[in-house]
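Listed below are the residues making up each chain.
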2 protein chains.
Amino acid sequence: MAILVTGGAGYIGSHTVAELLDRGEEVVVLDSLVTGHRESLLGGKLYVGDLRDKEILAKLFAENDIEAVIHFAASSLVGESMKDPVKYYDNNVYGTQCLLEGMQKAGVDKIVFSSTAATYGEPEKVPIEETDRTQPSNVYGETKLTMERMMSWFDKVLGIKYVALRYFNAAGAHASGKIGEDHRPESHLIPLVLQTALKQRESIAVFGDDYPTEDGTCIRDYIHVSDLADAHIRAVTYLRSGSGSNVFNLGNGLGFSVKEVIETAKEVTGLDIPVAIQERRAGDPAVLVASSDKARSVLGWNPSRADLKEIIRSAWNWHSSHPQGYGEA
Amino acid sequence: MAILVTGGAGYIGSHTVAELLDRGEEVVVLDSLVTGHRESLLGGKLYVGDLRDKEILAKLFAENDIEAVIHFAASSLVGESMKDPVKYYDNNVYGTQCLLEGMQKAGVDKIVFSSTAATYGEPEKVPIEETDRTQPSNVYGETKLTMERMMSWFDKVLGIKYVALRYFNAAGAHASGKIGEDHRPESHLIPLVLQTALKQRESIAVFGDDYPTEDGTCIRDYIHVSDLADAHIRAVTYLRSGSGSNVFNLGNGLGFSVKEVIETAKEVTGLDIPVAIQERRAGDPAVLVASSDKARSVLGWNPSRADLKEIIRSAWNWHSSHPQGYGEA
């Protein structure tokens, strides 16, 4: 039986596919390739198509014996979500509804789902725990929370079991050096910092250096993409064991400041990285980190690449050898 | 300029259309006629079509100068929602997304929305107030809550102002005697009781007579459908005045017991209504009534047909003169 990975040609998706293949799993990928890259797939059977296309979903479920789904496919730019809510409801909420309908028809009853720590909104406390209040502060987070709630009803009514994984920033690249991070446009700190080291950008913008943190810059949570991949696969194992639906944070517990990321990148690359201090951005809390105690104890998740230097070194390995990512824009 | 009423050929929709026409408003109706009745429309311009059909929405907004939308179109059977969640997410959530997209494209920025007191789930206290916890106990309530949350984001991001009206049971019929309640299947107490009086049913089932209420039967909240229609139109006026988005309960504050409804129906009809006491149903709270203090003070809503006898008399006026509703099944 195979595992279906939606959005399997995306950043976290492709690393999860690589990890599944390493473990001898049969993999089927559904990806529209709108933001994903065909080159990022190290194997598996690819269907190029959209979640909202019920015909391709029916074909995929008919042609393959799918045991479980790992669901990454979604629009995930916070800024864009606050300009075009229809796109986010359509891709994320309606897309997930179509996927669940396809699973129901095919009798597939396990789904692991890439949620987000943006479901919490402004945190009540840090590190954030799974039982904390969810109150998204943007449409992206709202659509992911809606997807979680939808899944809880598909569980209650139809017995489709789910695991939702909530995390902040994926970072780093695959140990093989073959796949890594390539978003267009790029909005994530570590690739932006490394592109600055590569002189593809003049400087890296730091939004505020007067926060109540040790060095004045914001503290954020980064998890190595291969550790995230591992967590998604552990969640499949968890559901295979007959466990009920659940929600887990994937956090590093401490977080790293923006300045710390830049300094570590300078050290790893040996290159200059000019910084441009700018005004704080509205809605940026000083510290955003999630507790992963529950994932550690229940899933046995033990992120082995949690060291910032190792994360940045693996990212640099990819960026320095693929300065144009997967190719010309 | 016209008011678009989605689901305008439904029970509450048709009474709202009648009320709008009485007040000289121009009315456009979108209704698929899947559960609505063409005969229930006393006027207005009807488009037969589905919310999820983006072409008919575009045509409707192009051909009419729509000022505001009153949105009733939805699937609304609690029991069905717990068997077929896809239908409820598709008709209610995705349908509303399509409607909001159409409004955005046409520049329409006011929507009044038929929500439900089922958004609260098991009440924390009665009467329920708008600030009470929302925790739906069925898919129907969940989809309506999701629609409310979606609208709050379309307000924040695009400035589309909304009023959500939460209520339990609409009841009664139009004073003209021309329109009334005809659901197929019928699941509402008052029509079922009156169909029993008409000998169309052998007996009326009462689920539990050992609740901690005065007569042992459940207490529920009934609002005359014409008072609901009035509240929807007041909400349009409220948005026209430039007021921001808001949520209001429409409740009668006290509620009526099932036994009280049956006894009053016997009195109004002068007919025998055999009762069959059955086991309690899972998930039926003893008392469900909503406070309407906020709607009274902010919208100036003053339900003038709140008397149970008057509600049942108006329903009986319709049922006795239309024993087959709008026609053969």
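Just so it is clear, the model here is predicted, and its values are computed rather than measured. (Residues numbered from 1 in each chain as written. Chains lettered and ligands numbered in written order. Predicted model: local features only at pLDDT ≥ 70, side-chain atom pairs only at ≥ 80, totals over all residues. Heavy atoms only, no water.)

### Considerations on the sheet that holds strand β3 (residues 45–48) of chain A
All names here are of chain A. Note the cut-off: At least two DSSP bridges between two strands are required for those strands to pair. Secondary structure elements are taken from DSSP: a helix is a run of H or I of four residues or more, a strand is a run of E of two residues or more, and numbering for both begins at the N terminus. A fitted line through C-alpha atoms represents every axis, and for helices the fit uses only the stretch in contact; the resulting angles, taken between N-to-C directions, go from 0 to 180 degrees.
Within the open sheet, the 7 strands sit side by side as β3-β2-β1-β4-β5-β6-β11. Their pairing is parallel. Every interior strand has two partners, whereas the edge strands, β3 and β11 (246–250), have only one. Geometrically, the sheet is characterised by an average inter-axis angle of 20° between neighbouring strands, direction not taken into account. Pairing between strand β6 (residues 161–167) and β11: 5 bridges, direction parallel. Bridging across to β11, V163 finds its partner in N246.

### Considering empty space enclosed by the protein
All names here are of chain B. Heads up, the condition is: Of the grid points, spaced at 1 Å and generated over the protein atoms alone, those admitting a 1.4 Å probe that cannot get out make up cavities, while open sets with protein on both sides within 12 Å along at least five of seven lines make up pockets; any residue with an atom within 4 Å of a point is treated as lining. Grid points are joined across faces, edges and corners, and a volume is the space filled by probe spheres set on the points. Residues were grouped as follows: Ala, Val, Leu, Ile, Met, Phe, Trp, Tyr, Cys and Pro as nonpolar; Asp, Glu, Lys and Arg as charged; and all remaining residues, including Gly, as polar.
With the rule as written, the count across this model stands at 3 cavities of 30 Å³ or more. Every residue along the wall of the largest cavity is listed here: A9, G10, Y11, S14, T35, H37, S40, G180, E181, D182, H183 and Y326. Taken together, the residues of the lining of the largest cavity sort by class into 3 nonpolar, 7 polar and 2 charged.

### Observations regarding the relation of the copies chain A and chain B
What counts is decided by this rule: A residue counts toward the fit only if its pLDDT is at least 70 in both copies, and the copies are then superposed by least squares on the C-alpha atoms of those residues. Residues are treated as being in contact if the distance between any of their heavy atoms lies within 4.5 Å.
Overlaying chain A with chain B gives an RMSD of 0.0 Å, the required rotation being 180° about an axis along which the chain moves by 0.0 Å. Each copy turns onto its partner about a two-fold axis. When C-alpha distances to the rotation axis are compared across chain A, the minimum falls at A:Y94, with a value of 3.2 Å. Both copies present the same face, since 100% of the interface residues in chain A are matched by interface residues at the equivalent positions in chain B.

### Topic: helix α7 (residues 225–240) of chain B
All names here are of chain B. Where we set the bar: The span one expects for a helix is its residue count, reduced by one, times 1.5 Å. Any residue under 20% of the maximum accessible area for its type is buried, any over 50% is exposed, and the rest in between are partly exposed; the area is computed with a 1.4 Å probe on protein chains only.
Relative to the 22 Å expected for 16 residues at 1.5 Å per residue, α7 spans 23 Å between its end C-alpha atoms, a close match to the ideal helical length. With 13 of its 16 residues buried, α7 lies for the most part within the structure. Positive backbone phi, at 90°, marks G242, one or two positions downstream of α7.

### Brief notes about the pattern of salt bridges
All names here are of chain A. Threshold: The rule for a salt bridge is simple: a side-chain nitrogen of Lys or Arg has to be within 4 Å of a carboxyl oxygen of Asp or Glu.
The final tally for this structure, using the stated rule, is 48 salt bridges over all chains. A salt bridge links E148 to R166, with the shortest nitrogen-to-oxygen separation between them at 2.6 Å. In this pair, E148 sits in helix α5 (residues 139–158) while R166 sits in strand β6, placing the two residues 18 residues apart along the sequence. For the pair shown, E148 and R166 are each scored as buried. Between K161 and D155 there is a salt bridge whose closest N-O contact spans 2.8 Å. Classification of K161 by relative accessible area gives partly exposed; the value is 30%. In this structure, a network of salt bridges that share partners links the residues E19, R23, D230 and R234.

### Some details on the sheet that holds strand β9 (residues 219–220) of chain A
All names here are of chain A. Read from one edge of the open sheet, 3 strands run β12-β9-β14, paired in mixed fashion. Of all strands in the sheet, those with a lone pairing partner are β12 (256–257) and β14 (287–288), marking the two edges. As paired strands, β9 and β12 are joined by 2 bridges and run antiparallel to one another. Bridged to I219 within β12 is S257.

### Quick look at the UniProt feature "domain: NAD-dependent epimerase/dehydratase" (unreviewed entry) in chain A
Here is the rule we go by: UniProt positions are given in the numbering used here, feature names are shortened, and annotations may be inferred rather than shown by experiment.
Summarizing the sequence annotation, UniProt attributes the feature "domain: NAD-dependent epimerase/dehydratase" (unreviewed entry) to residues 3–251 of chain A in the numbering used throughout. The annotated region residues 3–251 of chain A carries 37% helix and 20% strand content, and the separation between its end C-alpha atoms amounts to 25 Å.

### Examining the packing of α5(A) against helix α4 (residues 85–106) of chain B
The cut-off we apply is this: When an angle is under 35 degrees it counts as roughly parallel; over 145 it counts as roughly antiparallel; between 65 and 115 it counts as roughly perpendicular; any other value is oblique.
Contact geometry for α5(A) and α4(B): axes closest at 10 Å, N-to-C directions at 150°. Classified by the angle between their axes, α5(A) and α4(B) sit roughly antiparallel to one another. Here A:R149, A:M150, A:W153, A:F154, A:V157 and A:L158 of α5(A) come into contact with α4(B), specifically with B:P85, B:V86 and B:Y89. Across the contact of α5(A) with α4(B), the residue classes tally to 8 nonpolar, no polar and 1 charged.

### As for the domain arrangement of chain A
By a widely used convention, the size of an interface equals the accessible area lost when the partners come together. All names here are of chain A. Threshold: The domain boundaries here were taken from an automatic or database domain assignment.
Domains assigned within chain A are domain 1 (2–171 + 223–250) and domain 2 (189–221 + 253–321). Computed from C-alpha atoms alone, the centre-to-centre distance between domain 1 and domain 2 is 24 Å. On the side of domain 2, 24 residues touch domain 1, which itself brings 25 residues to the contact. Taken together, the links from domain 1 to domain 2 amount to 1 salt bridge. With a shortest N-O distance of 2.4 Å, R305 and D227 are connected by a salt bridge.

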